[in-house]
Amino acid sequence: MTTPETRPDDAPTDEARVEEALRLLSGEPVGLDVAVKRLSRGSGVYAWWAGPSILPDLPGPANDSVPSLRLLYLGRATSLRGRILRNHLRRSGSSTLRRTLAGLLVAEGYRTTWTDRVVLVAEDEARLTAWMHEHLRLTWAEDTEPATTEAELVRRLHPPLNVHGVSPEHLQAAVLAAKISYNASSSPAEPS
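Residues numbered from 1 in each chain as written. Predicted model: local features only at pLDDT ≥ 70, side-chain atom pairs only at ≥ 80, totals over all residues. Heavy atoms only, no water.

### Quick look at unusual backbone geometry
With glycine set apart, most residues show a phi of negative sign, and most peptide bonds adopt trans. Although it is not a glycine, Leu55 sits at a positive phi angle of roughly 50°. Mapped onto the elements, Leu55 comes out in the loop between β2 (44-50) and β3 (70-77). Backbone geometry at His158 places phi at a positive 55°, although glycine is not the residue there. With respect to the helices, strands and loops of the structure, His158 is situated in the loop between α6 (146-157) and α7 (173-183). With a relative accessible area of 23%, His158 lands in the partly exposed category. (Helix = DSSP H or I, 4+ residues; strand = E, 2+ residues; numbered from the N terminus. Buried < 20%, exposed > 50% of the residue type's maximum accessible area, 1.4 Å probe, protein only.)

### Some words on the packing of helix α1 (residues 14-25) against α6
The angle between the axes and the distance between the axes are what describe a pair of packed helices. Where α1 contacts α6, the two axes come as close as 10 Å, and the packing angle between them is 65°. Along this stretch, α1 crosses α6, giving a crossing that reads as right-handed. Counting all contacts with α1, which are made through Asp14, Glu15, Arg17, Val18, Glu19, Ala21, Leu22 and Leu25, the residues of α6 involved are Thr148, Thr149, Glu152, Leu153, Arg156 and Leu157. Of the residues contributing to the contact of α1 with α6, the split by class is 6 nonpolar, 2 polar and 6 charged. (Axes fitted to C-alpha atoms, helices over the stretch in contact; angles between N-to-C directions. Left-handed = near helix turned anticlockwise from the far one by under 90°. Contact = heavy atoms within 4.5 Å. Nonpolar A, V, L, I, M, F, W, Y, C, P; charged D, E, K, R; others polar.)

Function-wise, these values are silent; they only describe arrangement.
Take a look at the structure:
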């Protein structure tokens, strides 16, 4: 991180970066078919949005540009394109968002297996990706210091699916239970 003493004169302050990220994340969310074509390889923060009928017991703040959508999850990436495409839209083993969604959608019958961790079976990875394409929207903002920006935005916005960095009074019991349920759904095979 650049300290004030070493920050170049034209570099934005942490507060300016956070405000610019918030402005971009509060813009009109796009469908995932559009997002996958526009995402950059740069670092940044991203926000997942959904209508109020999706996970209705987990209210998040409304989107400034499309008030009918509400924030579900906020994350950071060293490569926005890589994080969204390779992790969030493909592999539950490397995506906290996917694991949480699968746990919350347990009534949909998502199945897991054990590799070196709990993951969805291949058919259900594809099914969850299709569900995400149908129900979720995305915004993002490039940022040179996404960890700092994400921490501040999670602190301010309290996205309901985030756990880390959320103050205890804003933690959602259903999300914590879903994470526990998902992680307990498969385990290593017992040796014979």
